[in-house]
Amino acid sequence: MPPTGACQNPRMEWFDGRTAVITGGASGIGLAVATRLAAEGMNLVLADIEEGPLGEAVAGFESGGTAVIGVRTDVSVRDDVLALAAATNERFGNVHVLFNNAGVGGGGPVADPDIEMWEWVIGVDLFGVLYGIKAFAGDMIAHGEPCHIVNTASMAGLLPFPGMGAYNVSKYSVVAMSEVLSLETSATTDLGVSVLCPGFVATKIADSGRNLPEHLVTNEEPTAEQEMMQNVISELVAQGIPPAEIAEHVVDAIRTGRFYILPHPEFGERVETRAAAIVSGSAPIVTEL
Ligand SMILES: NC(=O)c1ccc[n+]([C@@H]2O[C@H](COP(=O)([O-])OP(=O)(O)OC[C@H]3O[C@@H](n4cnc5c(N)ncnc54)[C@H](O)[C@@H]3O)[C@@H](O)[C@H]2O)c1
């Protein structure tokens, strides 16, 4: 039974022959979820800013017999996401799974914010998700077939981490956006909603700088503090769980109508500690990475 006041999240039980749109689909978690959904018989639309890996991913799925298109997309550009929706509609018609997953790490501290870096991270991690919803959700609701939106947040959407301000702000916002979307749609439509909040996953996220916009690329050496932070994050990401494991959680959530997807249960207690701190009015609690 859902907790008091919670609406039942619609489930999508059949995947075969239906269509999934996956942003950030050329690598990491996006590619793993695409692989899992292709195994379920879904058609794929892969969207990514990186043309090389996108082409390779599309070729791999084609050779395995999956109906697939790749659309080079910068999710922080609204017109790109609208063009993605148009290309999807032209090739496959109705969309049944939208995985708003493209994301970048970075942005630095709140105490000394680099505003342009914040604009980049928030543009991709927050507005990318909003543009995805704007471009697809209306039609998904209107076609009336069971369908699902999964938004990728992070444990950084539920817990604060010093030095990760822009990322934290974006991911908290993605959790809020997903919660509100679910409350607005779950009782009256066939659109299910989930929000993915993983801890560390072994992907290329620590190398997000590879997708920095040109105006932010610099030859400046990182400070010792920046370098240390980068090394710690890279190490933790490398030791993270395999993206294929995340894909299992995502497909299961779509099938069962699970809203919060927390593939790292060890963080649950820390989320409870944060909730208790909010209620008691104490200062934020630092979470060990
Ligand atoms: N890996 C982790 O430890 C971890 C933990 C929590 C949340 N996440 C989130 O998971 C999502 C996927 O990241 P990942 O870990 O697979 O990393 P990744 O770098 O392997 O994959 C991210 C993908 O997004 C693409 N991308 C980046 N900017 C883009 C843009 N502007 N438009 C379109 N595509 C863009 C990249 O090219 C890449 O293919 C992100 O939202 C990330 O914040 C990752």
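Preceding this paragraph is the structure being described.
What counts, and at which threshold
- Residues numbered from 1 in each chain as written.
- Predicted model: local features only at pLDDT ≥ 70, side-chain atom pairs only at ≥ 80, totals over all residues.
- Heavy atoms only, no water.
- Near = heavy atom within 4 Å.
- Polar contact = N/O pair within 3.5 Å; in protein donor to acceptor, adjacent residues only side chain to side chain.
- Areas by Shrake-Rupley, 256 points an atom, 1.4 Å probe, with all protein chains shown as cover.
- Helix = DSSP H or I, 4+ residues; strand = E, 2+ residues; numbered from the N terminus.
- Nonpolar A, V, L, I, M, F, W, Y, C, P; charged D, E, K, R; others polar.
- Phe/Tyr/Trp six-rings, centres within 6.5 Å; stacked < 30°, edge-to-face > 60°.
- Buried < 20%, exposed > 50% of the residue type's maximum accessible area, 1.4 Å probe, protein only.
- Core = buried A, V, L, I, M, F, W, Y, C linked by side-chain atoms within 4.5 Å.
- Contact = heavy atoms within 4.5 Å.
- Patch = residues over 30% accessible without salt bridge, like charges linked within 9 Å, V, L, I, M, F, W, Y side chains within 5 Å.
- Salt bridge = Lys/Arg side-chain N within 4 Å of Asp/Glu carboxyl O.
- Lys, Arg positive; Asp, Glu negative; His and termini not counted.
- Charge placed at Lys NZ, Arg CZ, Asp CG, Glu CD.
- Axes fitted to C-alpha atoms, helices over the stretch in contact; angles between N-to-C directions.
- Left-handed = near helix turned anticlockwise from the far one by under 90°.

## Thoughts on the site of the ligand
Part 1: By nearness alone, 29 residues border the ligand, and I29, D48, Y167, V201 and T203 come closest of all.
Part 2: N101 is positioned such that a nitrogen or oxygen atom in its backbone is 2.8 Å from an oxygen atom of the ligand.
Part 3: Within the side chain of R210, one N or O atom sits 3.0 Å away from an oxygen atom of the ligand.
Part 4: Isolated, the ligand exposes 820 Å² of accessible area, and the fraction of that covered by the protein chains is 98%.
Part 5: If you list the elements that add at least two residues to the shell around the ligand, you get α1 (28–39) and α5 (165–185).
Part 6: Of the residues in the shell around the ligand, the class split is 12 nonpolar, 11 polar and 6 charged.

## Here's the deal with the packing of aromatic side chains
Part 1: All told, the structure shown has 2 aromatic pairs when counted by the stated rule.
Part 2: A ring pair is formed by F127 and Y131, whose centres lie 5.8 Å apart and whose planes are at 50°; its orientation type is tilted. With F127 and Y131 both in helix α4 (residues 115–143), this residue pair falls 4 residues apart, about one helical turn.
Part 3: With relative accessibility at 35%, the residue F127 sits in the partly exposed group.
Part 4: Between F259 and Y260 the ring centres are 4.6 Å apart and the planes differ by 90°, which places this aromatic pair in the edge-to-face class.

## Here's the deal with the nonpolar core
Part 1: Among the nonpolar cores identified, the biggest contains 52 residues, and V21, V45, L84, F136, M140, I149 and V195 are the most heavily contacted of them.
Part 2: Beyond its immediate sequence surroundings of up to four residues, L84 is in contact with V21, T23, V45, A47, V71, T73 and F136.
Part 3: Within the second largest apolar cluster, 32 residues are counted, among which are V33, M42, V250 and I261.

## Overview of a negative patch on the surface
Part 1: Side chains of D112, D114, E116 and E119 sit close together on the surface and give a patch of like negative charge.
Part 2: Summarising the element assignment, D114 is placed in the loop between β4 (97–100) and α4.
Part 3: Residue classification places D114 among the partly exposed positions, given a relative accessible area of 39%.

## Considerations on the pattern of salt bridges
Part 1: All told, the structure shown has 5 salt bridges when counted by the stated rule.
Part 2: The shortest N-O distance in the salt bridge between R36 and E248 comes to 2.8 Å. Within this pair, whereas R36 is found in helix α1, its partner E248 is found in helix α7 (residues 243–256), the two being separated by 212 residues in sequence.
Part 3: Taking relative accessible area as the criterion, E248 reaches 41% and is therefore assigned partly exposed.
Part 4: Residue R255 is joined to E40 by a salt bridge in which the shortest nitrogen-to-oxygen separation is 2.8 Å. With R255 in helix α7 and E40 in the loop between α1 and β2 (43–48), this residue pair connects regions lying 215 residues apart in the sequence.

## So, the packing of helix α3 (residues 78–92) against α4
Each pair of packed helices can be summarised by the angle the axes make with each other and by the distance between the axes.
Part 1: Between α3 and α4, whose axes approach to 9 Å, the crossing angle comes to 35°. For the element pair α3 and α4, the recorded crossing hand is right-handed. Between α3 and α4, the contacting residues are R78, V81, L82, L84, A85 and T88 on the first element and Y131, G132, K134, A135 and F136 on the second.
Part 2: Considered class by class, the residues forming the contact of α3 with α4 number 7 nonpolar, 2 polar and 2 charged.

## Quick word on the side chain of T19
Part 1: Its place among the elements puts T19 in strand β1 (residues 19–23).
Part 2: What makes T19 buried here is its relative accessible area of 1%.
Part 3: Setting aside residues up to four positions removed in sequence, T19 forms contacts with M42, N43, V45, F92, N94, V95, H96 and V97.

## A few points about the environment of F259
Part 1: Checked against the element boundaries, F259 lands in the loop between α7 and β7 (260–261).
Part 2: Along the chain, F259 and G157 lie 102 residues apart, while their C-alpha atoms are 14 Å from each other.
Part 3: Other than its neighbours up to four places away in sequence, F259 contacts N9, S178, E179, S182, V193, S194 and V195.

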